[in-house]
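Notes for the structure review
Listed below, chain by chain, are the residues.
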Amino acid sequence: MFLDGLFKDKGEKIFDDLELEARKKSESLWVAYIYYRRMINNKFSSDGNDSIYNIYANKGMDELDLFIEKNDYNYANVKKSDLEIYQYLRVRFVDAIVEAYLIDNKYELAAIYIKKLLNKGSYGEFDAFESEAYFLLGFSYLYASKGEEALENFQKAYNIYEKSSMHKHHYDYFRFFNGMSHAYMAMKDYDGIITVNNKAKSLIDKEFERFGDDSDSYYLSNFIIHYEIAYALIHKGEVKEARVELDKAVEILSLKQRENQFVCVYHQVEALYFAEVGKYEKAKAHIEKSEDCFKTRKVGISI
């Protein structure tokens, strides 16, 4: 997104000056954007503070409320370039606020916050916001171990995404399927895990065949699909088939994957597999790898 390239590596002084100028002119959208840049600078700063990050996100949302209120809650009153920025910021701020709730294990508060936004109606409807809101609601229910509610909201999020005319990057849809997969995990529905991952793989294979996009997203999606299918197969007692899937994940890991939270989870599945076949030393080794991997991260999705 072109917005992310602006003001890179600038200090707080320029933000103070720009915010002051924007407030003099009552330019709420510009003030909101400045809060977004403060938020991003804080997140990637070596001395960043999660609470300050969340404060900037909430203040940015307040400025967006003022902006759309001044335009009578009607997108037709907003010029196209401003509307693009407004919608982008709305989604990013909601992401940040919900992330803060989830980090603090406040899953119910996250769900209440998202429902309030969806019911408020004052923001006007746009697909990117609604899709993201239902996706985040799905994760809130997932973290609260409410698999059925999580699945319902991930499906809603995907349906809005699929039918919308919003700009889409290749393999963007995988995150919705991955959310559904984790919802099935919460319900211990192992056939559901396999089915939803196979559906995702079918879509990814078709898109790859059409566009030839072998970006990191392509390999990461396939990597996750293989180890999550393996996870389900292990629980179904089909360990030979699980090993086939894990070997496919290993091949991708050796060629393309840098260490990330998904690699941490992959080691958990390997540990589960080796424990199931009675190779406890190998299982222990993978558990240790997973623990070491997660130690370097604030948040990770664990199976």
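Residues numbered from 1 in each chain as written. Predicted model: local features only at pLDDT ≥ 70, side-chain atom pairs only at ≥ 80, totals over all residues. Heavy atoms only, no water.

Further remarks concern the confidence of the model for the protein chain. Close inspection of predicted coordinates is inappropriate in any region flagged by low pLDDT. Chain-level pLDDT for the protein chain is 88 on average; 90% of the residues reach the 70-or-more range. The least confident element of the protein chain, judged by mean pLDDT, is helix 1 (residues 12-24) at 80; the most confident is helix 8 (residues 174-186) at 97. Taken together, the stretch residues 1-9 has pLDDT below 50 and engages in 18 contacts with residues farther than four places along the chain or on a different chain. Across residues 298-302, where pLDDT falls below 50, the model places 15 contacts with residues more than four positions away in sequence or in other chains. (pLDDT = per-residue confidence, 0-100. Helix = DSSP H or I, 4+ residues; strand = E, 2+ residues; numbered from the N terminus. Contact = heavy atoms within 4.5 Å.)

Met39, Tyr86, Leu89, Phe93, Phe223 and Tyr227 are the most contacted members of the largest nonpolar core, which has 95 residues in total. In this view, Met39 contacts Tyr53, Tyr56, Ala57, Arg92, Phe93 and Ala96; residues no more than four positions away in its chain are not counted. (Core = buried A, V, L, I, M, F, W, Y, C linked by side-chain atoms within 4.5 Å. Buried < 20%, exposed > 50% of the residue type's maximum accessible area, 1.4 Å probe, protein only.)

Relative to the 18 Å expected for 13 residues at 1.5 Å per residue, helix 1 spans 19 Å between its end C-alpha atoms, a close match to the ideal helical length. Listing the buried residues of helix 1 in full gives Phe15, Glu19 and Ala22. The buried residues of helix 1 occupy an angular sector of 65 degrees when projected down its axis, which confines them to one face. Residues of helix 1 that are exposed and point over 90 degrees away from its buried face: Lys13 and Lys24. Buried residues in helix 1 make contact with helix 2 (28-43). (Expected span 1.5 Å × (residues − 1). Arc of directions from axis to C-beta.)

A word on unusual backbone geometry. Unusually for a residue other than glycine, Ser26 sits at a positive phi of about 60 degrees. Phi at Tyr171 is positive, roughly 70 degrees, even though this residue is not glycine. By the element assignment, Tyr171 lies in the loop between helix 7 (147-163) and helix 8.

Looking now at helix 2. The terminal C-alpha atoms of helix 2, which comprises 16 residues, lie 23 Å apart, in line with the 22 Å expected from a rise of 1.5 Å per residue. Across the 16 residues of helix 2, 14 count as buried, placing the element largely inside the fold.

This next bit is on the pattern of salt bridges. Using the criterion set out here, one finds 16 salt bridges in the structure. Among the salt bridges present, the one from Arg23 reaches Glu19, with a minimum N-O distance of 3.0 Å. Here Arg23 and its partner Glu19 are both found in helix 1, four residues apart, which amounts to about one turn of the helix. Using a relative accessible area of 13% as the deciding quantity, one classes Glu19 as buried. Shared partners join several salt bridges into a network, and the residues in it are Asp16, Glu19, Arg23, Arg38 and Glu63. (Salt bridge = Lys/Arg side-chain N within 4 Å of Asp/Glu carboxyl O.)

As for its placement among the helices and strands, His267 is situated in helix 12 (residues 261-276). Residue His267 is classed as buried on the basis of its relative accessible area, which comes to 11%. Those residues within four positions of His267 in sequence are excluded, and the remaining contacts are His286, Lys289 and Ser290.

The next thing to look at is the packing of aromatic side chains. Enumeration over the complete set of coordinates arrives at 26 aromatic pairs. Their ring planes at 35 degrees and their centres at 5.8 Å tell us that Phe67 and Tyr86 sit as a pair that is tilted. Here Tyr86 lies in helix 4 (residues 80-103) and Phe67 lies in helix 3 (residues 50-70), a separation of 19 residues in the sequence. By relative accessible area, which is 11% here, Phe67 ends up buried. We classify Tyr86 as buried; its relative accessible area is 0%. Site record: aromatic cluster; members linked through ring pairs are Tyr107, Phe135, Phe139, Tyr143, Phe154, Tyr158, Tyr161, Tyr173, Phe176 and Phe177. (Phe/Tyr/Trp six-rings, centres within 6.5 Å; stacked < 30°, edge-to-face > 60°.)

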